[in-house]
Structure formats: C-alpha cells, structure tokens
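Letter by letter, the chains look like this.
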Amino acid sequence: MEYFDLNMNLTEDDLALKAHANKFAREVMRPISIKLDQMTPEEVIAPESPFWDFMKIAYEKGYHKLQFPEVFGGGGLSPFQVALVMEELAWGSFGLTLALNTSLDAAVAMGGTEEHIKNFTIPYCQCKDGSYRGSWAITEPDHGSDTLMANYPSFRDPNIKAQCRARQDGNEYVISGQKAAWVSGGTIATSILLMCQIDSSKGHAGGGMFIFSLDRPGVSKGKPWNKIGSRDLNQGEIFFDEVRVPKEALVVGPENYEAALGAHLCMTTPMVGVWATGLARAGFEEALSFAKERVQGGKPLIDHPTIQVKLFNMFQKVEASRQLCRAAFIYNWTVPAEKRIPEYAMAAKTFATQTALDVTSDAIQVMGGNGLSKEYLVEKLFRDARTSLICDGANDTLSLVGGYNVTRYYPRKADV
Ligand SMILES: Cc1cc2nc3c(=O)[nH]c(=O)nc-3n(C[C@H](O)[C@H](O)[C@H](O)COP(=O)(O)OP(=O)(O)OC[C@H]3O[C@@H](n4cnc5c(N)ncnc54)[C@H](O)[C@@H]3O)c2cc1C
C-alpha cells in the first residue's frame, strides 16, 4: 500500500530501497510470520521450520547488515535509509525484524579492536546463509529493568549483586551464572554480546561487555520461551558454568561500562520505536482495508463518521510516531557517542510502542468481532504490539530514566 511519507527529499535510491523492503516484508516476512505465530516455540526453530527459510533469504538479501558500513561488507546505508527500510520490515513482522537484529555483538565489535572486527563484524557481514546468529544478553531472572537504567542513580547501587558475573584469572575471565529467558535469539545464537558484573562494589555500573562465540565449554541454553506475542522471535536463557574466555573478549570494562551502555541504548532504543511504527502502520492499514470492504447498516464502514474519525486518529498517531522515531534515530546514529541524547531515544520508543498498542487495539475495534478472530491479522499485530512495550526496557522504567534526564538537562545546549 502506497502512502505519503511526509518527506519531500526521498531520492530514487530511497524509494527503491523502500519498495524492495516492502516487497520482501509483504511476500516473505508476513506469510512466514503468520505461520510461525501458530507454532510452538520448539517448532519455530525445528530444522524444517519456515523460520530458517526466512533467515536464509533475509541474509542473502543483506537485510541483517543494513546498518553496517560498507568497508566491513555491510549495507552502507545512511541512518535515514536504515530507518526507512526497518519500518518496512517491521510492517511485515516486528518479531522477525528483531530476529534479524539480535547480532549486537557484531555491531559492538565495530567499536572494539581490529581483532574484534575481524572475528565478529566482518564474518557477520559476510554471512549469507543465516549461520552467524548473534545475541545480546543483559537481563537476568532477578534483574530486568534495572540492568537497562544506565545513568540513573540506582544503577550504581552496590547492594545489587548480579546473577551472571565474571572474574579475571590471569589472561582469562571466568564467567558464571545465567541470563534471562528473554534473550532474543538466545537458544539459537552462535555468539554473544554479554553484559555481566565484574566489580560488584559499583552495582550494575561495575559491569563489562564481552564478545565471544558460544561454542565454549560450560555454555548451555534453556528451552525456547513461550509467550503471548512476537512468537516468531526465538527467546531463551543462556547459562554459563565457569566459562573461560580470553581477556581480549572484554570490549568494555567497569571503568567505562555505564557510559558505554548508555550510549549503546541511545542507538537501540529508538530503533525499537522505528519497528513499532511499522507495526502500528500495519494495524492501521489492515483496519482501513477492512472498513472499505465491510458493509454495515446499509453502507461501507468507511462511510460511518465515527469510523472515519477513528481511522484518522490512528493515522495521526502513526505519522507522529514516524516523525519522532526517525528524528531520534537519525540524530543518535549520526552524532558521536558522547552527544547522543537518551531522552529522545526513550521518548521515541515509549511513544511508538504505546502507539502500536493503541492503533492495533483500535484496529480490532474498527473490525468488530472479525478483529478478534485468528482469521484476520490484527489480533496477531495486537499481541506483537503488547510485547513491544516491554522489549528493550519496560516503558515505565524508560520513562523514569527519561524523566530524570529531562528534569536535569532540558533544554540541552546546541553545539556551536
Ligand atoms: C520482545 C522482547 C525482546 C527482548 N530481548 C532481550 C534481549 O535480546 N536481551 C535481553 O537481555 N533481554 C531482552 N528482553 C528483556 C527485556 O529487556 C526485559 O523484559 C525488560 O527490560 C523488563 O524486565 P523484566 O521483564 O525483568 O521486568 P521487571 O524489571 O521485573 O519489571 C516489572 C515491572 O516493574 C516496573 N519496574 C521495575 N523496576 C522499577 C523501578 N525501579 N521503578 C519503578 N518501576 C519499576 C517495570 O517498569 C515493569 O512494569 C526482551 C524482552 C522482550 C519482551
């Protein structure tokens, strides 16, 4: 479905990227996502699952590496183009878009040493069959929101003892403990960006970021997690039993961990907002198409003024969400790490995910009883939207950190 992008500067390249992504989302992602949604978490990752067809085609087309520079074999897209394409993919499936973006190890390796780039970023970008699958593990069974509240006072609470910890032993670190069942791609990942505590006297701020391959002795995985929505996204625990990694696996140590995590979240959080915009748009478009077809009370639903108002309100929220998320995403992906602004990242993610929930719920309302039926897409979109309010930080706690920043730093001074 064509729509006006409220952007007069789209180039031929931008339009082509968007059209290709939409075709992939429509013809490959959405049909596979609908099938996966009906399967058990075990079936989703079984060898014959269409999930693997999706991964293979997506990697062949390079949709796993959009945001990586060309010099490492990545897509070489501008932040604007990344946002443009990501919205289309998430329109096809929020969960599968997330599944394609779990390899934060490869992304963080870009900011590491030459060895990190050689061992993680480049192989990831060169992978064409989905066999390199990264993961990002930060949350733990007893530590969820608090692990993501960088630059908030509780982050430095020395009473916080994490469940996954690393200690140095000569030229190695030894890692023990576990990460939460929520690790995206957790049970199928081949490598990891692991955030775990090193110096417990600093609370979560005493953490470190490690990058390593998961084929090491002592690593094991839980069963795939069963959940209400984003069922096409595999998630599960990763356990570490005295896992030894070379000290070079450490990318960021306790001295810089809080700043590095904060800067990292400034990039990932608005990306979730961009995806949620695509999901919300899918809900709006489903409801609009349905309202054109359905005749009720002697005329099509779209001729009923209350339905028109509802569809207008949905349209308005999707457009507002896009503008905020794209702006926050482009800003934080363009400026150097120390200039990224967390409150924009959090405003974008919380607004867009709430929009996705509101719009998909309104879509059900517009469609009446049909909207509740599994015969129609919107009930799945609604369940997927529900997960987005918790994914990458519960909206309540993101708002706490956002509020802490806004009340201290607003208005931020522009650099001259
Ligand atoms: C789709 C999806 C993908 C995910 N992917 C990953 C991943 O790749 N890697 C990973 O490590 N994790 C991942 N997560 C986990 C996610 O980051 C956590 O679920 C989220 O941070 C919330 O943590 P929790 O579930 O432990 O809830 P809790 O932290 O227990 O929070 C429960 C409720 O209490 C509120 N709350 C918590 N602390 C406070 C406070 N200090 N003040 C006020 N209210 C508070 C929260 O806002 C929330 O409403 C994913 C989750 C989802 C849903």
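All figures in this text were calculated on a predicted structure; none of them were measured in a lab. Per chain, residues are indexed from 1 in the order of the written sequence. The model is predicted, so local features are restricted to residues of pLDDT at least 70 and side-chain atom pairs to those at 80 or more, both for listing and for counting; the totals for chains, interfaces and linings are taken over all residues. Excluded from the side-chain calculation are hydrogens and water; included are all heavy atoms of the structure.

1. Some words on helix H13 (residues 395–409)
Convention followed: Secondary structure elements are defined from DSSP: runs of H or I of at least 4 residues count as helices, runs of E of at least 2 residues count as strands, and each element is numbered from the N terminus. Residue count minus one, scaled by 1.5 Å, sets the expected span of a helix. Think of it in three bands: with a 1.4 Å probe and only protein chains considered, a residue is buried below 20% of the maximum accessible area for its type, exposed above 50%, and partly exposed in between. In what follows, a contact means two residues having at least one pair of non-hydrogen atoms within 4.5 Å.
Counted at 1.5 Å a residue, the expected span for H13 with its 15 residues is 21 Å, and the 20 Å between its end C-alpha atoms agrees. Within H13 the residues assigned to the buried category are Asn 395, Thr 397, Leu 398, Val 401, Gly 402, Tyr 404 and Asn 405. Check the buried side of H13 and you find it contacts helix H8 (257–293), helix H10 (342–367) and helix H12 (378–388).

2. Considerations on the side chain of Thr 269
The condition that has to hold: We call two N or O atoms a polar contact when they sit within 3.5 Å, provided that within protein one can donate a hydrogen and the other can accept it, with sequence-adjacent residues counted only if both atoms are side-chain atoms.
One can find Thr 269 in helix H8. In this structure the side chain of Thr 269 is engaged in a polar contact, spanning 2.7 Å, whose partner is the backbone oxygen of Leu 265.

3. Examining the site of the ligand
Selection criterion: The nearness test applies per residue and asks whether one of its heavy atoms lies within 4 Å of the molecule or strand. Using a 1.4 Å probe, the Shrake-Rupley method yields the accessible areas, and only the shown protein chains count as cover for residues. Per the annotation, domain bounds derive from an automatic or database assignment of domains.
Near the ligand lie 20 residues; those nearest to it are Trp 136, Ile 138, Thr 139, Ser 145 and Ser 184. Within the backbone of Trp 136, an N or O atom sits 2.7 Å from a nitrogen atom of the ligand. Asp 396 has a polar side-chain atom sitting 3.3 Å from an oxygen atom of the ligand. A total of 970 Å² of accessible area belongs to the ligand in isolation, and the protein chains cover 69% of it. Mapped by element, the contributors of at least two residues to the shell around the ligand are strand E1 (136–137) and H13. Per-element accounting of the shell around the ligand gives the leading share, 3 residues, to H13. Looking at which domains feed residues into the shell around the ligand, each of domain 2 (136–255) and domain 3 (258–409) supplies at least three.

4. Some remarks on unusual backbone geometry
Between Tyr 410 and the following residue, Pro 411, the backbone shows a cis peptide bond with an omega angle of -10 degrees. Note that Pro 411 resides in the segment after H13. Here Glu 242, not a glycine, exhibits a phi torsion of approximately 50 degrees, which is positive. Among the structural elements, Glu 242 can be located in strand E7 (residues 238–246).

5. Overview of helix H7 (residues 114–126)
Each α-helix winds once per 3.6 residues, and so residues spaced three or four apart point in a common direction. Those residues of H7 not exposed but buried are His 116, Ile 117, Phe 120, Thr 121, Tyr 124 and Cys 125. Close packing links the buried residues of H7 with helix H3 (50–61), helix H6 (104–109), strand E4 (191–197), strand E5 (207–213) and strand E8 (250–252).

6. A word on the packing of aromatic side chains
Basically, it comes down to this: Ring pairs are drawn from Phe, Tyr and Trp, using the six-membered ring of Trp, whenever the two centres fall within 6.5 Å, and their geometry is named by plane angle: stacked under 30 degrees, edge-to-face over 60, tilted for the rest. Definition used: whenever NZ (Lys) or CZ (Arg) falls within 6 Å of the ring centre and also within 35 degrees of the ring normal, the charge is taken to sit over that ring.
Under the counting rule described, the total for this entry stands at 18 aromatic pairs. With a centroid separation of 6.2 Å and 80 degrees between ring planes, the pair formed by Tyr 59 and Tyr 124 is classed as edge-to-face. With Tyr 59 in helix H3 and Tyr 124 in helix H7, this residue pair connects regions lying 65 residues apart in the sequence. Here Tyr 124 falls in the buried class, since its relative accessible area comes to 1%. An angle of 35 degrees between the planes, with centres 6.4 Å apart, marks the rings of Phe 312 and Phe 315 as tilted. Residue Phe 312 and its partner Phe 315 are both found in helix H9 (residues 305–334); the two are separated by 3 residues, about one turn of the helix. Of note, Arg 30 hangs over the ring of Trp 91, and the distance from its end group to the ring centre comes to 3.9 Å.

7. Things to note about the domain arrangement of the protein
In plain terms, the rule: Buried area is a sum: the accessible area each of two parts loses on coming together, probed at 1.4 Å, counted once for each and added. Take a side-chain nitrogen of Lys or Arg and a carboxyl oxygen of Asp or Glu: if they are within 4 Å of each other, that pair is a salt bridge. When residue character is reported, Ala, Val, Leu, Ile, Met, Phe, Trp, Tyr, Cys and Pro are called nonpolar, Asp, Glu, Lys and Arg charged, and the others, Gly included, polar.
Entries for the protein in the domain assignment read domain 1 (12–126), domain 2 (136–255) and domain 3 (258–409). Using C-alpha coordinates to define each centre, domain 2 is positioned 29 Å away from domain 3. On the side of domain 3, 17 residues touch domain 2, which itself brings 22 residues to the contact. Taken together, the two surfaces of domain 2 and domain 3 that pack against each other cover about 1800 Å², and 67% of this comes from carbon and sulfur. The interface formed by domain 2 and domain 3 holds 1 salt bridge in total. When the shortest N-O distance is used, the salt bridge between Arg 156 and Glu 258 registers 2.9 Å. The tally of links between domain 2 and domain 3 comes to 6 residue pairs in polar contact (both at pLDDT 80 or more). Of the residues in the side of domain 2 that touches domain 3, the class split is 14 nonpolar, 5 polar and 3 charged.

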